[in-house]
Amino acid sequence: MNALQPRSNSAPHMYRYDAFDAQFVRERVKQFRSQVERRLDGSLTETEFKPLRLMNGLYLQLHAYMLRVAIPYGTLSAVQLRQLAFIADRFDKGYGHFTTRQNIQYNWPKLKDVPDILDALADVEMHAIQTSGNCIRNVTADHFAGVADDEIEDPRPTAELLRQWSSAHPEFSFLPRKFKIAVSGAEHDRAAIKVHDIGLRIVKNDIGEIGYEVILGGGLGRTPMIGHVVREFLPKNDILPYCEAIMRVYNSFGRRDNKYKARVKILVHETGLEQIRAMVEAEFNSLDKASIAHDPKELERIAAQFANPVYDRFAAKFNDLQTQMDADPEFHLFANTNIASHKAQGYSIITVSLKPIGGSPGDASAAQMRVLSDVADQYSHSELRISHEQNIILPHVRTSDLYSVWQALKAAGLATANAGLITDIIACPGMDYCSLATARSIPIAQAIAKRFESAAEQHDIGKLGIKISGCINACGHHHIGAIGILGLEKSGIESYQITIGGDPTLTTAIGERLGPGFAADDVPDAIAKIVDVYKSTRTDGEAFMETYRRIGTSPFKEALYAAH
Amino acid sequence: MPLINDTGFIADSWVRVSEESTLFAEQIIIPFAQFEEAAAANIKKIGVHVANTVKPTELVQYFAKLDLISIDFPNFADGRGLSIARSIRKAGFIGELRAFGPLIADQYAYARSCGFDTIEVPEELAARQPEGQWKDAGKSLSLSYQRGYMHGKNILNQRSIHEAASRTGAV
Ligand code: SF4
């Protein structure tokens, strides 16, 4: 077989492993299989085994192991999703949980099954490599990549190049702490690049060349920080040497004395941006770039595989959508919220919400995964995306097919019309699964969703993102929720802090705390009061965040805490 | 302490000299701070042991006089020594580069890639992870994606070669 020939298996419009990638992943599985054996026979202590299993995606949770599988830059084929369903059925309890970092988590695998699961993933060109541990994590990207109408360039070839470069990196696999990279290629930031350790924004310079704006030192967690531009324009071909320089500075100088101060954001903060920039640039200039950089042809090879499908020119002729919407109010609601414009005429992007009222945010059953695979095969060129909002995207749907797709989704309980609305809540697993949790988050999300169950009310409120974390680690990204909820524990009782005004886009903002925490049962009421303030002060067509920016926090504080 | 290279567990011809002891053997590894003293004592081969906070640039001026640099790994999860090794190699050191500390067999390939020749591990660790495990670990990842590192077949280079060959019709 020609080593460079993409293997069959997945959708034709995404990166496919060549023989090298395939062998690399298989060797990694084999290596992990022997590491499990060596843990069991005592060759490896638990302390030694821990980072090895984490680097293969395996966590020890509250009740069991949890396996986190990477969905690099959120792109997934129908074949791959079907395999994820198979794994859920065969090795877990029949469902999986999609996370805020374009991964899927299985909550109940057995240690002895994990190598087999990894092999099953390798069968469809997937893996769990570096979804955890103090290494460079799964590289994420805009979930509308390649189809967004505001795109300068598809960010996924860069993300794939970085995925490969960061895999089993000999120098950067024992870092002070985890390291997350996100890439965006559009005008709007849908990948939250300013709250990543490195955020890359594809930009065009004055003379029309495409390169990267490099943002360093963002992050959420205990000490939320917005990243700084460390390099305004990095020529494309310098990306690997520049990343190597950043990583070497971080690996050498990042703090190792305190886990909570070990992220690169703290290094940047304590050292100062100018000094860090000087250190990175000095390291970068000392490198023999030609020996490190990728061959430009390699990026072309990768990019070619992400080429869009050939769209049907005649699809643009369809103009009955409005009629269909008028005829079916339920479809109308769905179309209002869950459909985005596509760069090709006559095509649309569908967001499938994994946030049904009363469900666990981000969970999908094996049966639902299969339905989505079938729908993708039939209507979306066999391709899907996972968003950091924990939803699933169908990226290439003919506008004329929207109604049929909606019907198919509805039959499977997947047509919740709430993308971007108050019930499209992001929540981490919290106390229900996570051993680090200080409070529950899923039940809080469910209670809020119930409170705002009425479709009419949700649509009247409009765009409003709620994000919930079950502890200070902030996996639910509460800092950047328009409304953020952080579950803490105060002398044995859960207490929920509410922040407001967080923003994950290019105008990134960390939410402001409104005051003392609330008991679990009081959270829905508190959210309702915040919403009431918005509704009574908004001007015509003003979204929640706009009202907030205009009036500030005081009216909200007053509504929540003023004595009655 | 047990010493490992690509051939397995090997005899160590170097003697580590602690700060208190006098300099006597032919090949000694001394703390970096004592280098000048040893250099004056007319010893055949000198190696220095450095902490993982050393600035690689500080070592460069001594390269010609050093046959070995030993880098401390206080624990296996602290990867600083890997960056130091890489920087030292990049700066042109051609003597023996040794990792000193409780690195595990699973890190062997990484250490080699970053430029280490040998690893000196505690007895207890070598007893748990005998020679065979180190040899297997050395072979466990035969392919790598990072250009400019030293171990394994580089995938990006392989692709370039392959691409060039197919352009000239060799494939
Ligand atoms: S935020 Fe805390 S509780 Fe939630 S998943 Fe992360 S570590 Fe667990």
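Only a predicted model underlies this, so the values are computations on that prediction, with no experimental measurement involved.

> I tried to follow the pattern of salt bridges on my own but got confused; where do I start?
Any two side chains of opposite charge can pair, on the condition that their charged atoms come close. Counted according to the given criterion, the structure contains 57 salt bridges over all chains. The residue arginine 255 of chain A makes a salt bridge to aspartate 257 of chain A at a minimum N-O spacing of 2.9 Å.

> Explain the packing of helix 13 (residues 366-379) of chain A against helix 14 (residues 402-411) of chain A here, please?
Residues and elements named next belong to chain A. Axis separation between helix 13 and helix 14 bottoms out at 10 Å; the angle between their running directions is 165°. What the angle tells us is that helix 13 and helix 14 run roughly antiparallel. Relative to helix 14, the crossing made by helix 13 is right-handed. Residues Val371, Leu372, Val375 and Tyr379 of helix 13 pack against Ser404, Val405, Ala408 and Leu409 of helix 14. In the contact of helix 13 with helix 14, the residues fall into seven nonpolar, one polar and no charged.

> Is there a simple way to explain the domain arrangement of chain B in this structure?
Residues and elements named next belong to chain B. Segmenting chain B into domains produces domain 1 (3-140) and domain 2 (142-171). For domain 1 and domain 2, the distance between their C-alpha centres works out to 31 Å. Both sides of the domain 1 and domain 2 interface together cover about 630 Å² of buried area, and 54% of this is carbon and sulfur. For domain 1, the biggest contributors to the area lost against domain 2 are Arg86, Arg112 and Ser113; these three give 60% of the whole.

> What's the story with the site of the ligand in this structure? I'm lost.
Around the ligand lies a shell formed by Cys428, Pro429, Gly430, Cys434, Leu436, Ala437, Gly470, Cys471, Asn473, Ala474 and Cys475 of chain A. Partitioning the shell around the ligand into residue classes produces eight nonpolar, three polar and no charged.

> What is the right way to read the domain arrangement of chain A from this model?
One frequently used descriptor of interface size is the decrease in accessible area upon assembly of the parts. All names here are of chain A. Partitioning chain A into structural domains gives domain 1 (19-122), domain 2 (148-305), domain 3 (315-411) and domain 4 (426-561). Computed over C-alpha atoms only, the centres of domain 2 and domain 4 are separated by 31 Å. Tallying the contact residues gives 13 residues for domain 2 and twelve residues for domain 4. Buried area between domain 2 and domain 4, both sides added, is near 1100 Å², and the carbon and sulfur share of it is 71%. Taken together, the connections running from domain 2 to domain 4 amount to zero salt bridges. For the pair domain 2 and domain 4, the interface holds three residue pairs in polar contact (both at pLDDT 80 or more). Residue composition of the side of domain 2 that touches domain 4, grouped by class: seven nonpolar, one polar and five charged.

> Would you mind going over helix 15 (residues 442-451) of chain A with me for this structure?
Residues spaced three or four apart along an α-helix point in a common direction, a consequence of the helix completing one turn every 3.6 residues. Residues and elements named next belong to chain A. Every buried residue of helix 15 is accounted for by Ile442, Ile444, Ala445, Ile448 and Ala449. All buried residues of helix 15 fall inside an arc of 160° around its axis, so they share one side. Those residues of helix 15 that are buried are in contact with strand 16 (426-427), strand 17 (466-469), strand 18 (483-490), strand 19 (493-500) and helix 17 (523-537).

> Explain the sheet that holds strand 4 (residues 95-98) of chain A to me, please; I cannot follow it from the model alone.
What holds strands together in a sheet is hydrogen bonding between their backbones, with the strands either parallel or antiparallel. All names here are of chain A. What the five strands build is an open sheet, ordered 1-2-5-4-13; its pairing is antiparallel. For this open sheet the edge positions go to strand 1 (58-60) and strand 13 (363-365), each flanked by a neighbour on one side alone. For this sheet, the mean inter-axis angle between neighbouring strands, taken without regard to orientation, is 30°. Across three bridges, the pairing between strand 1 and strand 2 (residues 65-70) is antiparallel. When the sheet's bridge partners are listed, leucine 58 is paired in strand 2 with leucine 67.

> In this structure, what is going on with unusual backbone geometry? I would like to understand it.
Backbone geometry follows two general trends: most residues other than glycine have a negative phi, and most peptide bonds adopt the trans configuration. Residues and elements named next belong to chain A. Positive phi, close to 45°, is recorded for tyrosine 73, a residue that is not glycine. Mapping tyrosine 73 onto the fold places it in the loop between strand 2 and strand 3 (75-77). Among the residues examined, tyrosine 73 registers a relative accessible area of 6% and is labelled buried. Of note in this structure, alanine 192 is not a glycine but carries a positive phi near 50°. With respect to the secondary-structure elements, alanine 192 resides in the loop between strand 7 (181-184) and strand 8 (198-204). By relative accessible area, alanine 192 is classed as buried at 2%.

> Would you mind showing me how to read the interface of chain A and chain B here?
The interface of chain A with chain B comprises 51 residues on the first partner and 38 residues on the second. Interface area lost by chain A to chain B is led by Phe20, Pro170 and Phe174 of chain A, which between them contribute 19%. At the boundary of chain A and chain B, one finds nine salt bridges. The residue arginine 86 of chain B makes a salt bridge to glutamate 171 of chain A at a minimum N-O spacing of 3.7 Å. Counting across the interface, chain A meets chain B through 33 residue pairs in polar contact (both at pLDDT 80 or more). Contributions of two or more residues to the side of chain A that touches chain B are made by helix 1 (19-40), helix 2 (46-54), helix 5 (156-166), helix 6 (239-253), helix 8 (273-286), helix 9 (289-292) and helix 10 (296-305) of chain A. Looking at the side of chain A that touches chain B residue by residue, the classes come out as 17 nonpolar, 18 polar and 16 charged.

Cut-off values and rules
Residues numbered from 1 in each chain as written. Chains lettered and ligands numbered in written order. Predicted model: local features only at pLDDT ≥ 70, side-chain atom pairs only at ≥ 80, totals over all residues. Heavy atoms only, no water. Salt bridge = Lys/Arg side-chain N within 4 Å of Asp/Glu carboxyl O. Axes fitted to C-alpha atoms, helices over the stretch in contact; angles between N-to-C directions. Helix = DSSP H or I, 4+ residues; strand = E, 2+ residues; numbered from the N terminus. Parallel < 35°, antiparallel > 145°, perpendicular 65-115°, else oblique. Left-handed = near helix turned anticlockwise from the far one by under 90°. Contact = heavy atoms within 4.5 Å. Nonpolar A, V, L, I, M, F, W, Y, C, P; charged D, E, K, R; others polar. Domains from an automatic or database assignment. Buried area = accessible area lost by both parts, 1.4 Å probe. Near = heavy atom within 4 Å. Polar contact = N/O pair within 3.5 Å; in protein donor to acceptor, adjacent residues only side chain to side chain. Buried < 20%, exposed > 50% of the residue type's maximum accessible area, 1.4 Å probe, protein only. Arc of directions from axis to C-beta. Pairing = 2+ DSSP bridges.

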